[in-house]
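Topology and contacts: notes
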Amino acid sequence: MCNIHPRRLISRRSVLGGALGAGVLLAAGRLEAVGEPGSARTVRARQRFFGADAVDAETGAVRADRVVLSWVGCTTYAVAIGGTVLLLDAWVPRLTSSGYVPATAQELADLRPEAIFIGHGHFDHAGDAGRIAQACGAVVHGTAEHCAAIQTQVSDPTFATVPLGDVDTPIGERHEFTVGTVAVTAIRHLHSAPVAPDRTDPSSPFFPVPELCAIVRHPPTLGDVLQNVPRLGDAEGGVLLYQLRVPGFTMVWHDSAGPLTEKAPHVYEVLADLPSTDLHIGAIQGYNQITNGLRDPRRYIEAIAPTLFVPTHHDNWLPGLTAGAANYDPPLRTELDRIPAGHRPELRTLHDPDDYIRPDRLTFHL
């Protein structure tokens, strides 16, 4: 067991600002172009991320009667839903620890996703989007700012983008569209942010002791550092929550949970107005946990009212500032216990690193 602990915590902004201050801005390496849909590389990648029994060994087609998700660290998921392959966010964590997540940006491109949905533009959510889209032709969906920033990640962008509003879009606004077999609703909401302690709905502050084990066991490579450093200053560009629907299954995914209670309470009504949700994958790590614990994730859950909740953005993606997902289990269960039993979702926890690229953990039959 690794027992390394820092003497004091420093802010994520300080770390990122220090890196930028060094003036290290180098271009990320280009990925190999992905071949035809039935290429051996695509079949191999899809079988690994979605399970051999869900993927045709000849064509690479994914079964239309399945919904399969593989967690790729932080809030990135490879998704096969109703036969359509998508990426939710597009970044493989490797800034401070290489190989902790057993996947590469090239493998995500090899999946040949039809689209990439960006929740917000920070590096830990969109840092590989341009390279992946360029290699496989995926269409990038996000705010106008997300799309513009992602196109600058490569020198000669040839992929398409679909802007869903911009930074001035009113909080709570909805966008409706389809990708392949999937009906999609995107809702503008807020990034996590610290606010004063909520005296009317208090939750215990929480911040896990950072764990440095991943750096010790999986030290960063120079190549991974140089690929990620140029993305450290990427702006948020607005935040989007997505609901995906196919006949027989509906899921919601969001990569941040903001203090809607104080800043945009009407969004809870917008979320509650969505079609009923079977699976809710929601970020639980956020800046407001230091003053209001996991109140904000709980409020999202209460509004969306899913059958099953899966926490995300709770793994050790930035060792030294983050900790393993298992640390969030006790406070999350305590927070969910505040929801009346008849409205409380089933909880399925995912723990790093064991649950990375584990399609069996999130496979659903239509």
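Look above for the structure.
What this report covers is the structure whose coordinates are included nearby.

Criteria and cut-off values
- Sequence order sets the numbering: in each chain, residues are counted from 1 along the sequence as written.
- In view of the model being predicted, local features appear only for residues whose pLDDT reaches at least 70, and side-chain atom pairs are presented and counted only at 80 or more, with totals across whole chains, interfaces and linings using the full set of residues.
- Calculation of side-chain values draws on the structure's entire complement of heavy atoms; hydrogens and water are dropped beforehand.
- Under the pairing criterion, centres of Phe, Tyr and Trp rings, with the six-membered ring standing for Trp, must be within 6.5 Å; the plane angle then separates stacked pairs below 30 degrees from edge-to-face pairs above 60, leaving the rest tilted.
- Runs of H or I in DSSP of at least four residues are treated as helices and runs of E of at least two as strands, each being numbered from the N terminus.
- Type-normalised accessible area, obtained with a 1.4 Å probe on protein chains alone, sets the label of each residue: buried when under 20%, exposed when over 50%, and partly exposed for intermediate values.
- The rule is short: NZ of Lys or CZ of Arg within 6 Å of the ring centre and within 35 degrees of the ring normal puts a charge over the ring.
- Think of the arc as the fan of directions from the helix axis to the C-beta atoms.

What follows deals with the packing of aromatic side chains. Each aromatic ring pair is specified by the distance between its two centres and by the angle formed by the two planes. Inspection of the entire model under this criterion finds ten aromatic pairs. Between Trp-91 and Phe-123, the ring centres sit 5.4 Å apart and the planes meet at 80 degrees, which makes this aromatic pair edge-to-face. Of this pair, Trp-91 sits in the loop between strand 3 (84-88) and helix 3 (105-110) while Phe-123 sits in helix 4 (residues 123-126), placing them 32 residues apart in sequence. Judged by its relative accessible area of 0%, Trp-91 is buried. Overall, the relative accessible area of 1% leaves Phe-123 in the buried class. Here Trp-91 and Trp-317 contribute two aromatic rings whose centre-to-centre distance is 6.0 Å and whose plane-to-plane angle is 85 degrees, an arrangement assigned as edge-to-face. A residue pair is termed long-range when its members are at least 10 positions apart, and Trp-91 in the loop between strand 3 and helix 3 and Trp-317 in the loop between strand 12 (308-312) and helix 13 (329-336) qualify at 226 residues. Side by side, Trp-91 and Trp-317 carry an identical accessibility label, which is buried. Grouped by ring-pair contacts, the aromatic residues Phe-117, Phe-177, Tyr-242 and Trp-253 constitute a single cluster. Looking at Arg-48, its charged tip hangs above the ring of Phe-49, at a distance of 5.6 Å from the centre. In this structure, Arg-299 is placed above the aromatic ring of Tyr-268, and the distance from its NZ or CZ to the ring centre is 4.2 Å.

Turning our attention to helix 6 (residues 144-151). Side chains three or four residues apart in an α-helix point the same way, a direct result of the helix having 3.6 residues per turn. Of the positions making up helix 6, those classed as buried are His-146, Cys-147 and Ile-150. Buried residues in helix 6, looked at end-on, bunch into an arc of 95 degrees, giving them a common side.

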